[in-house]
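Fold and geometry: a report
One-letter residues, chain by chain:
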Amino acid sequence: MENIDLFGKAKQDLIDDMKSRNIGAILWDNATADFEQIPEINLAEDDAEMPDTVRIMGLYRYDDTLYLIEEDKAKVDFNHFYNADSEVKPSVVTLTESVAVSDLGDPAKEEGYTTEGSLEEWLTIADCYFEALNLDNEEAPA
């Protein structure tokens, strides 16, 4: 199986996992999540002199496509998803598909969403996804 096939299968496996958990989007706070690796991708062309590295703050499943959510570029306010007056700020927030569509919109029409990234970068982000799920389970009220 070629790398392109593996890459497509890895993305589809993430989509399938998110569907099975009823997750339309998962957001994480890079400042508090304390991941093993930093979820970043380089958006610059291969021949570009300067890298265009962006940090990823989550995944968004929309119309069977998986988008990376770019930190500081996507119009996503992490603070919108909890009550600062009565709740401790979570490190991870999961959104159902309907809430994700309502709050995040169409990623093809919004700034800060991408499907770019190398296989290696996506593998790092997949690791972050599973770490975020574990954090979300730890933070959930008993």
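Provided above is the structure to which this section pertains.
Structural notes, computed from the coordinates.

Conventions we followed
- Residues numbered from 1 in each chain as written.
- Predicted model: local features only at pLDDT ≥ 70, side-chain atom pairs only at ≥ 80, totals over all residues.
- Heavy atoms only, no water.
- Helix = DSSP H or I, 4+ residues; strand = E, 2+ residues; numbered from the N terminus.
- Buried < 20%, exposed > 50% of the residue type's maximum accessible area, 1.4 Å probe, protein only.
- Contact = heavy atoms within 4.5 Å.
- Salt bridge = Lys/Arg side-chain N within 4 Å of Asp/Glu carboxyl O.
- Phe/Tyr/Trp six-rings, centres within 6.5 Å; stacked < 30°, edge-to-face > 60°.
- Lys NZ or Arg CZ within 6 Å of the ring centre and 35° of its normal.

1. Looking at the overall build of the chain
Assigned secondary structure in the chain consists of 4 helices and 6 strands. Tracing the chain from N to C terminus, the helices and strands come up as α-β-α-β-β-β-β-α-β-α. Per-residue burial for the chain yields a buried fraction of 41% across its 142 residues. Across the chain, every contact between residues at least 6 apart in sequence was considered, and the portion connecting residues at least 24 apart equals 71%.

2. Remarks on the pattern of salt bridges
Here the structure, examined in full by the defined rule, presents 8 salt bridges. For Asp13, the salt bridge identified is with Lys9, shortest N-O distance 3.0 Å. Of this pair, Asp13 and Lys9 are both found in helix H1 (residues 3–20), 4 residues apart, which corresponds to roughly one turn of the helix. Residue class for Asp13 comes out partly exposed when judged on its relative accessible area of 39%. Lys9 sits in the partly exposed class, given a relative accessible area of 43%.

3. A closer look at unusual backbone geometry
In this structure, Asp63 is a non-glycine residue whose phi angle is positive, near 50°. Position of Asp63 among the secondary structure elements: in the loop between strand S3 (53–62) and strand S4 (65–70). Residues other than glycine seldom take positive phi values, yet Asp72 does so here, at roughly 70°. Within the fold, Asp72 resides in the loop between S4 and strand S5 (92–95). Look at Asp72 and you get exposed, because its relative accessible area is 75%.

4. Details of the packing of aromatic side chains
Applying the stated criterion across every chain, the model contains 5 aromatic pairs. For the ring pair Trp28 and Phe35, a centre distance of 5.5 Å and an interplane angle of 85° mean the geometry is edge-to-face. Looking at Trp28, the relative accessible area reads 1%, which means it is buried. The class for Phe35 is buried, based on a relative accessible area of 12%. Grouped by ring-pair contacts, the aromatic residues Tyr60, Tyr62 and Tyr113 constitute a single cluster. Positioned over the ring face of Phe7 is Lys11, at 4.6 Å from the centre of the ring. When the ring centre of Trp122 is taken as reference, the NZ or CZ atom of Lys11 above it lies at 4.4 Å.

Taken by themselves, the reported measurements are silent on function.
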